[in-house]
Amino acid sequence: MQSWRRRKSLWLALSASWLLLVLLGGFSLLRLALPPRPRPGAPQGWPRWLDAELLQSFSQAGELPEDAASPQAPHGDSCNWGACFDTSKCRGNGLKVFVYPASGPISETHHRILASIEGSRFHTFSPAGACLLLLLSLDAQTGECNSMPLQWNRGRNHLVLRLHPAPCPKTFQLGQAMVAEASPTVDSFRPGFDVALPFLPEAHPLRGGAPGQLQQHSPQPGIALLALEEERGGWRTADTGSSACPWDARCEQDPGPGQTQRGETLPNATFCLISGHRPEAASRFLQALQAGCIPVLLSPRWELPFSEVIDWTKAAIVADERLPLQVLAALQEMSPARVLALRQQTQFLWDAYFSSVEKVIHTTLEVIQDRIFGPSAHPSLLWNSPPGALLALSTFSTSPQDFPFYHLQQGSRPEGRFSALIWVGPPGQPPLKLIQAVAGSQHCAQILVLWSNERPLPSSWPETAMPLTVIDGHRKVSDRFFPYSTIRTDAILSLDARSSLSTSEVDFAFVVWQSFPERMVGFLTSSHFWDEAHGGWGYTAERTNEFSMVLTTAAFYHRYYHTLFTHSLPKALRTLADEAPTCVDVLMNFLVAAVTKLPPIKVPYGKQCPDAAPLASGGPGPRPKPQAPAPDCVNQIAAAFGHMPLLSSRLRLDPVLFKDPVSVQRKKYRSLEKP
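What comes next concerns the included structure. (Residues numbered from 1 in each chain as written. Predicted model: local features only at pLDDT ≥ 70, side-chain atom pairs only at ≥ 80, totals over all residues. Heavy atoms only, no water.)

All right, on to the nonpolar core then. F418, V438, I447, F556, F590 and I637 are the most contacted members of the largest nonpolar core, which totals 84 residues. At ten residues, helix α14 (residues 584–596) tops the list of elements feeding residues into this core. Sequence-distant contacts of I447, that is, excluding residues within four places in its chain, are made with A420, I422, I435, V438, A439, M466, P467, L468 and T469. L159, L289, C293 and A352 belong to the second-largest nonpolar core, a separate cluster that totals 65 residues. (Core = buried A, V, L, I, M, F, W, Y, C linked by side-chain atoms within 4.5 Å. Buried < 20%, exposed > 50% of the residue type's maximum accessible area, 1.4 Å probe, protein only. Helix = DSSP H or I, 4+ residues; strand = E, 2+ residues; numbered from the N terminus. Contact = heavy atoms within 4.5 Å.)

So, on to the packing of helix α3 (residues 108–118) against helix α7 (residues 357–373). Where α3 contacts α7, the axes come no closer than 9 Å and their chain directions differ by 60°. In terms of orientation, α3 and α7 fall into the oblique class. Every pair of crossing elements has a handedness; the one defined by α3 and α7 is right-handed. On the side of α3, the interface is formed by R112, I113, S116 and I117, while α7 contributes V357, E358, I361 and H362. (Axes fitted to C-alpha atoms, helices over the stretch in contact; angles between N-to-C directions. Parallel < 35°, antiparallel > 145°, perpendicular 65-115°, else oblique. Left-handed = near helix turned anticlockwise from the far one by under 90°.)

Here we take up the pairing of strand β6 (residues 225–229). Counting buried residues along β6, four of its five residues qualify, which places the element largely inside the surrounding structure. Relative to strand β7 (residues 235–239), β6 runs antiparallel, the two sharing five bridges. Along β7, the bridge assignment pairs L228 with R236. Relative to strand β9 (residues 271–275), β6 is paired through three bridges, and the arrangement is parallel. Each bridged residue has a counterpart across the sheet, and for A227 the counterpart in β9 is C272. (Pairing = 2+ DSSP bridges.)

Time to look at the side chain of E358. For E358, the position within the fold is in helix α7. Look at E358 and you get buried, because its relative accessible area is 18%. Beyond its immediate sequence surroundings of up to four residues, E358 is in contact with S116, L206 and R207.

A few words now on the side chain of D311. Mapping D311 onto the fold places it in the loop between β10 (294–298) and β11 (317–319). Overall, the relative accessible area of 5% leaves D311 in the buried class. At 2.5 Å, the side chain of D311 forms a polar contact with the side chain of T313. (Polar contact = N/O pair within 3.5 Å; in protein donor to acceptor, adjacent residues only side chain to side chain.)

With mixed pairing, seven strands are arranged side by side in an open sheet as β14-β13-β12-β15-β20-β16-β21. The two strands at the open ends of the sheet, each matched to only one other strand, are β14 (468–472) and β21 (601–602). The strands touched by helix α11 (residues 503–515) within the sheet are β12 (418–424), β15 (491–496), β16 (521–522), β20 (554–558) and β21, with β20 carrying the most contacts at an inclination of about 30°.

Okay, the pattern of salt bridges next. Counted under the stated rule, the structure contains twelve salt bridges. In this structure, D496 engages R498 in a salt bridge whose closest nitrogen and oxygen atoms are separated by 3.6 Å. D496 gets classed as buried once you look at its relative accessible area, which sits at 2%. What you see here is one network of salt bridges that share partners, running through D351, K359 and K597. (Salt bridge = Lys/Arg side-chain N within 4 Å of Asp/Glu carboxyl O.)

Below you can see the structure in the form of structure tokens.
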């Protein structure tokens, strides 16, 4: 009898607590987003609520208990990163990946995976020198099961890759092998050891991929729409003010005429309600991200992709499907600013990590590399802020302030000096006048002369107030964009020996670059365009108001782009630049535009500056006009990137009072107007 009374008292206390939560605004507490998966070895705390200020009325932040229980190993072992992976094999060269050759026919998706790995900086052809051995799992098209490889070694330092559910039973024990699987269940996933992948459709592109579909950068006026995925395919929409709860049989099923519509493609909705029970719901999750529709996951039974590093609280909402009315109420109360932030994050995550097979595979390898280098390799900011961890190489720096695209977010500015890198190609002569003009700049810290000429080095160079260093190049055009350790400043002024600039032009261009350190700032421009007649991209060096590229014969940019050019671009593209030198400007502009999604900036140069053609051969005499690369060059680079990243602009920045009819003494850059 006493035991029954105790249970009754406990039940009454719990009921009273729930009623108190409802009265104090408990409905809004349902805006729960899935917390990011903690780093290996880190305790998992309480979930992070979207309205954190509501927690203050119940408990202080320091009073929240921590759940330090270690995750269970679902495969019958106690594997974790420290116990089942030998990081000593990764010392020196970092993460190097060997892919086992297929024993039989493979699908088109597996061909794309192989191509994306072989074209990356992680790949090696030697299993002995590999840090990670990758085994491509079977797929639904071949219907053949994998056999245990000879170097299996109980699966140690192995990664089994499964982009699709396996159609046949396992033929060998995983042992100490990691598993990178599409939409694994929360019961089978080993946090900090396995990697959760997105569920990719068979037709997912190899590289590039379609951009996000969110056309407007602010919430649409009117009632926010809900999109509900259906079992038979397609989507059904309703407004959030409807009393219908389409996924719950207890709610009203007929919301009224004109409030629902059905379609196979994802509608332009604000929230996408996705059930967590059906396996095909995982593929709808990617559709929602691409469309800029905030995923509302109803009690998901699968691990969100790359949850170890991606903070899904900024892009998705996890709700309890047993409380349909409260979920609708929470969505209705969400502020427009919060809706906008969530929708913008879906577009960033889609473009950075999910829009192509190549990005999914590279993200998987980057997650594993972060485990090798430790939590500081990529701070959470680099993973969850544009342009993302794939474009912020940890081999360059682990501090966001060192990257050009995080200065504004960090409230910092690049240092106030630059390094002039002058390329002397065949059949160049020592750029004596150019060195003197650059040396006269108050912002110049050093001058580097890259000698890529077969002629012997000159015996003497002009005397300058700053250090002058001569680097012996390898006779390749791509040498211009190598990350030389002698470059000590953030800013690089890339010059050709035949360029002609004045000190005032250099000073003003550098001041402009300091305000836009993520962009290229140059003097000579060119443009790309779509050629309908030939069905491809064209290129013109004619002077027009609109431009999309600046020539690297005279341009400022951040030194980090040398690191990306050398270590991130596929080797085939760098070879193309060496074999067709007129393509090097296009390739560098493609790279910067793909990272920043912004056009370059043009600054003026005086009439005394003739057009330079640094990559064209020629001797003394009149300087030729810039040579346009062959159209195939632009199309080949666009095909390698998977899309056209270049953006056109008409922005030209001039100094104050430039060419205004006022006293010359009032102008800071007076020499720009020399006749």
